[in-house]
Amino acid sequence: MRWENLTPDSEHSRADAALFGAEAVTTRTFDTPEFRGITFHEIRARSIVNRVPGASRMPFEWTVNPYRGCTHACVYCFARKTHSYLDLDTGLGFDSQIVVKVNAPELLRRRLTSRSWQGEHIAMGTNVDCYQRAEGRYRLMPGILAALRDHANPFSILTKGTLILRDLDLLRQAAEVTDVGISVSVGFTDEALWRTVEPGTPAPERRLDVVRALAGQGIGCGVLMAPVIPFLSDRPEQLRATVRVIAAAGAASVTPLVLHLRPGAREWFMSWLARHHPHLVNRYERLYAEGAYAPKWYQRRVTRQVHELAQEYGIGPARAGMPRRVRASESDRPTGPTDSPVAEPTQLTLL
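Let me sum up the structure you'll find in this document. Worth saying up front: this structure is predicted, and the values here are computed from it rather than measured.

## Digging into the packing of helix α8 (residues 236–248) against helix α11 (residues 296–313)
Alright, step 1. Between α8 and α11, whose axes approach to 9 Å, the crossing angle comes to 40 degrees. By the criterion of interaxial angle, the relationship of α8 to α11 is oblique. Once α8 is placed against α11, the crossing between them reads as right-handed. Across the interface between the two elements, Pro-236, Leu-239, Arg-240, Val-243, Arg-244 and Ala-247 of α8 pack against Gln-305, Val-306, Leu-309, Ala-310, Glu-312 and Tyr-313 of α11.
Alright, step 2. Residues of the contact of α8 with α11, tallied by class, amount to 8 nonpolar, 1 polar and 3 charged.

Set out below in structure tokens:
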């Protein structure tokens, strides 16, 4: 394994200075059912706040990722490529060789107190899930959330993990002093599809329980409807079923995102597709012939359908950088001649 290739910005791009040295790595395995077959590489990182390259499509500039690799094992995960920087396999290796930055909370607290830090928004869950199974053992997020709360630093979290509810008190405390954005990823409700394409994640219904729980505590939560998987979860009746349960869960917003297949993820996903849906291989090769993203016409069609359904069910798309707040009821909204309707934006965002 080439630890020297894991750099401060290598979640998004390659850089020169190593994030940590090989001497800082402790490798562990745990003989428990939930971690059987998984290897953890505990490291003391040199940096935890990463700057997103300017060319990125992401609507944020700074990220914190306490883990690398993910036991959620989503076959489409775009972060798979990052494992190749360590000479690790981007398939099974990504699912089972997990890098744990055990000093993430103290590094973050140090960064937030530095004179150069200006209190910018920090996004989490953007590379791999910060509430994956490993978080139940390593408990890095409470320290991270406490540091952000103590410095009133705005942040957002994207997750498929129900473990976020463990930290509900910290999230509530942080929301009292700064902008907190929470999004849960639920791309579809098909149970058979979920079991094969996202085998290590909580079921979609359990994730929607997170939305319900947060809304019940006054913490608005949006849903990133991602990925919408061409020919497998994109039929009109499937989109309707998904938006309907998202609305019923009390989501503050819903934002669709069509599957994209970057190098590393593309090979693993196409291998999965050939095993489970071989009749779709040629259709995917044509649809993604131009690169990692589906054609604009296809993305626009899905976006329009989801937004129309969201309007029908009383929810809207997410605004980039917007904290997830519970929407005011009709009776709470001001009325009068000065009111004017505001059009909902349709820009797709990750958070």
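## Considering the nonpolar core
Alright, step 1. Counting residues in hydrophobic clusters, the biggest one holds 96 residues, and the most contacted among them are Leu-108, Met-124, Ile-157, Phe-269 and Tyr-284.
Alright, step 2. A total of 6 residues in this core trace back to one element, the largest contributor, which is helix α4 (residues 141–150).

## A closer look at the pattern of salt bridges
Alright, step 1. In this structure the tally under the stated criterion is 15 salt bridges.
Alright, step 2. Measuring nitrogen to oxygen at the nearest pair gives 2.6 Å for the salt bridge that ties Arg-212 to Asp-209. On the criterion of helical spacing, the pair formed by Arg-212 and Asp-209 is a turn pair, its members being 3 residues apart in helix α7 (residues 204–216).
Alright, step 3. With a shortest N-O distance of 2.8 Å, Arg-235 and Glu-237 are connected by a salt bridge.
Alright, step 4. Residue classification places Arg-235 among the partly exposed positions, given a relative accessible area of 40%.
Alright, step 5. It is possible to trace a salt-bridge network through shared partners that takes in Glu-205, Arg-206, Asp-209 and Arg-212.

## Thoughts on the packing of aromatic side chains
Alright, step 1. Taken as a whole and assessed by the stated rule, the structure comprises 10 aromatic pairs.
Alright, step 2. Ring geometry for Phe-30 and Phe-40: centres 5.6 Å apart, planes at 50 degrees, overall tilted. Pair noted here: Phe-30 is in the loop between β1 (25–29) and β2 (39–43) and Phe-40 is in strand β2, with a separation of 10 residues, a long-range link. In terms of burial, Phe-30 and Phe-40 fall into one category: buried.
Alright, step 3. Ring pairing ties together the aromatic residues Phe-231, Phe-269, Trp-272, Tyr-284 and Tyr-288, which thus form one cluster.
Alright, step 4. One residue, Arg-283, lies across the ring of Phe-231, its end atom 3.8 Å from the ring centre.

## Concerning the sheet that holds strand β3 (residues 49–51)
Alright, step 1. A sheet is described by the order of its strands in space; here 7 strands give the open sequence β3-β4-β7-β8-β9-β10-β11, paired in mixed fashion. Edge positions in the open sheet fall to β3 and β11 (254–258), since each of these has one partner strand only. Each strand of the sheet is rotated relative to its neighbour by a mean of 25 degrees, with strand direction disregarded.
Alright, step 2. Here strand β10 (residues 221–228) runs beside β11; their pairing, made up of 4 bridges, is parallel. The partner of Leu-224 across the bridge, within β11, is Thr-255.
Alright, step 3. Set on the sheet, α8 makes contact with β10 and β11; between it and β10 the angle comes to about 160 degrees.

Thresholds, definitions, all that
Residues numbered from 1 in each chain as written. Predicted model: local features only at pLDDT ≥ 70, side-chain atom pairs only at ≥ 80, totals over all residues. Heavy atoms only, no water. Axes fitted to C-alpha atoms, helices over the stretch in contact; angles between N-to-C directions. Helix = DSSP H or I, 4+ residues; strand = E, 2+ residues; numbered from the N terminus. Parallel < 35°, antiparallel > 145°, perpendicular 65-115°, else oblique. Left-handed = near helix turned anticlockwise from the far one by under 90°. Contact = heavy atoms within 4.5 Å. Nonpolar A, V, L, I, M, F, W, Y, C, P; charged D, E, K, R; others polar. Core = buried A, V, L, I, M, F, W, Y, C linked by side-chain atoms within 4.5 Å. Buried < 20%, exposed > 50% of the residue type's maximum accessible area, 1.4 Å probe, protein only. Salt bridge = Lys/Arg side-chain N within 4 Å of Asp/Glu carboxyl O. Phe/Tyr/Trp six-rings, centres within 6.5 Å; stacked < 30°, edge-to-face > 60°. Lys NZ or Arg CZ within 6 Å of the ring centre and 35° of its normal. Pairing = 2+ DSSP bridges.

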